[in-house]
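An overview of the molecular structure
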Amino acid sequence: GKRMKGVQIYRPFVYGTTAKPFNDTDNPRPPGIPLDHTHSWQVFVKGVEDTDVFYWLRRVQFKLHESIPNPMRSIDAETIQKENAGKPPQKHQRAFVVNETGWGEFEITIKLYYSLQSGEKPQTLYHHLRLHPYGRNEEEKEAMRSQGGGEIKAWTYEEQLFNEPFEEFYKLLTSG
Ligand code: SLL
């Protein structure tokens with residue numbers, strides 16, 4: 001294939017974590033979860049407002065902390081699409097997501113694998129799993145709690161740049 005000289009194309013996406021402390025009302029600790037686990041959390045990569053990213057992003061690999069069983073989690077768009085087939089649309093259906101529980105914060109390595117047509121090498125992102133609100137004082141922490149409706153959201157809005165894409169990939173990106 002031929003690369004398109006001077007062409008740059010961007011695709012928006014969001015990645016990050018959402019965490020919630022266990023409590024007695026809407027987030028009880030599930031049976032079998034160790035007593036030292038204080039939170040449920042998820043890490044994800046998805047389109048902005050749940051738009052499709054599967055046509056340019058084919059796999060996401062999340063590397064979690066070694067204290068977590070099976071810390072390498074690889075998720076393929078194809079697998080998600082098969083699981084979704086025939087189901088009514090739901091929130092987060094088109095997202096690469098790992099759900100976990102735990103007690104501590106750590107750095108998550110997120111590796112993005114692009115469509116085979118793109119010819120792009122995988123790219124690595126780093127994300128700090130946040131379980132606790134942060135702020136310079138108690139008011140700021142409380143504001144972060146209430147903004148997330150009791151959830152601690154650490155989300156990053158990004159734009160993926162494809163520089164001088166192959167013609168076939170450019171067609172794929174713009175035909176959606
Ligand atoms: C800390 N440096 O000490 C960090 C490490 C590790 C968090 C945090 C384990 C969960 C599981 C878990 O939450 N590890 O056992 O599945 O704060």
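Scope of this entry: the structure provided in the associated data block. (Residues numbered from 1 in each chain as written. Predicted model: local features only at pLDDT ≥ 70, side-chain atom pairs only at ≥ 80, totals over all residues. Heavy atoms only, no water.)

1. Notes on the sheet that holds strand S3 (residues 57-63)
With respect to topology, four strands assemble into an open sheet ordered S4-S3-S6-S7, the strand pairing being antiparallel. Edge strands, defined here as strands with exactly one partner in the open sheet, are strand S4 (72-76) and strand S7 (123-128). Adjacent strand axes in the sheet meet at a mean angle of 20°, parallel and antiparallel pairs treated alike. Of the pairings in the sheet, the one linking S3 to S4 comprises five bridges and is antiparallel in character. Paired with Gln61 across the strands is Ser74, a residue of S4. (Pairing = 2+ DSSP bridges. Helix = DSSP H or I, 4+ residues; strand = E, 2+ residues; numbered from the N terminus. Axes fitted to C-alpha atoms, helices over the stretch in contact; angles between N-to-C directions.)

2. Re the pairing of strand S2 (residues 39-46)
The buried count for S2 comes to eight of eight residues, which makes it a mostly enclosed element. Judged by which residues are buried, S2 turns out to be covered on both faces: His39, Trp41, Val43 and Val45 on one side and Ser40, Gln42, Phe44 and Lys46 on the other are all buried. Sheet topology note: the strand S1 (residues 8-21)/S2 ladder contains eight bridges and is antiparallel. The partner of Thr18 across the bridge, within S2, is Gln42. Note: S2 against strand S5 (residues 96-102), seven bridges, orientation antiparallel. Bridge pairing links His39 to Gly102 in S5. (Buried < 20%, exposed > 50% of the residue type's maximum accessible area, 1.4 Å probe, protein only.)

3. Notes on the pattern of salt bridges
In the structure shown here, the tally under the stated rule is 11 salt bridges. Lys20 is the partner of Asp26 in a salt bridge, and the nearest nitrogen-oxygen pair spans 3.1 Å. Each of Glu138, Glu142 and Arg145 takes part in salt bridges that share partners, so that together they form one network. (Salt bridge = Lys/Arg side-chain N within 4 Å of Asp/Glu carboxyl O.)

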